[in-house]
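Observations on the model geometry
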Amino acid sequence: MANLKKLKDSIEFRGIEFEFNYNYTAGRSATWEDPEEYEEWEIYNITINGVDAEYLIEDMREEFDRAVITYFENKN
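Description of the structure in this document. (Residues numbered from 1 in each chain as written. Predicted model: local features only at pLDDT ≥ 70, side-chain atom pairs only at ≥ 80, totals over all residues. Heavy atoms only, no water.)

What follows deals with helix H1 (residues 61–75). An ideal rise of 1.5 Å per residue puts 21 Å on 15 residues; H1 measures up with 21 Å between its terminal C-alpha atoms. Of the residues making up H1, those classed as buried are Phe64, Val68, Ile69 and Phe72. The buried residues of H1 occupy one face: seen down the axis, they fall within an arc of 130°. Those residues of H1 that are exposed and angled more than 90 degrees off the buried face are Glu62 and Asn74. (Helix = DSSP H or I, 4+ residues; strand = E, 2+ residues; numbered from the N terminus. Expected span 1.5 Å × (residues − 1). Buried < 20%, exposed > 50% of the residue type's maximum accessible area, 1.4 Å probe, protein only. Arc of directions from axis to C-beta.)

Below you can see the structure in the form of structure tokens.
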């Protein structure tokens, strides 16, 4: 069964504190042929002090998402 979390957090990225919302889903494949575990991240509503900041990281979005995921991996 999948575990879904819809939360808000913040991270310092390139010296700036960004807030964001995220959905995290973890689970296992439902097929016998491919019983792998998986995780899925959705990171959205990226802001600085409540002001939309997604345009600031538009060209660095993959790097930002990786930094967020790494932050959570190291947190646990």
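Attention now moves to the pattern of salt bridges. For the coordinates displayed, the defined rule picks out 5 salt bridges. Between Arg14 and Glu63 there is a salt bridge, with its nearest N and O atoms 2.8 Å apart. Linking Arg14 in the loop between strand S1 (3–13) and strand S2 (16–28) with Glu63 in helix H1, this pair joins segments that are 49 residues apart in sequence. The shortest N-O distance in the salt bridge between Glu73 and Arg66 comes to 3.5 Å. The class of Arg66 is partly exposed, set by a relative accessible area of 43%. Taken together, the salt bridges that share partners define one network made up of Glu54, Arg61 and Asp65. (Salt bridge = Lys/Arg side-chain N within 4 Å of Asp/Glu carboxyl O.)

Looking at the element boundaries, Glu19 is found in strand S2. Buried Glu19, no salt bridge; nearest opposite-charge side chain is Lys8, N-O distance 5.9 Å. Of the polar contacts made by the side chain of Glu19, one reaches the backbone nitrogen of Asn49; its length is 3.0 Å. Once residues within four sequence positions are removed from consideration, Glu19 is found in contact with Lys8, Asp9, Ser10, Asn45, Ile46, Thr47, Ile48, Asn49 and Gly50. (Lys, Arg positive; Asp, Glu negative; His and termini not counted. Polar contact = N/O pair within 3.5 Å; in protein donor to acceptor, adjacent residues only side chain to side chain. Contact = heavy atoms within 4.5 Å.)

It is worth spelling out the side chain of Thr47 at this point. Tracing the sequence through the fold places Thr47 in strand S3 (residues 37–48). Residues within four places of Thr47 in sequence aside, it is in contact with Glu17, Phe18, Glu19, Asp52 and Ala53.

Mapped onto the fold, Ile57 is located in the loop between strand S4 (51–52) and H1. Since its relative accessible area comes to 2%, Ile57 is described here as buried. Once you skip the residues sitting within four places of it in the chain, Ile57 turns out to touch Phe13, Phe18, Ile46 and Phe64.

Remember, this is a structural readout, not a statement about activity or role.
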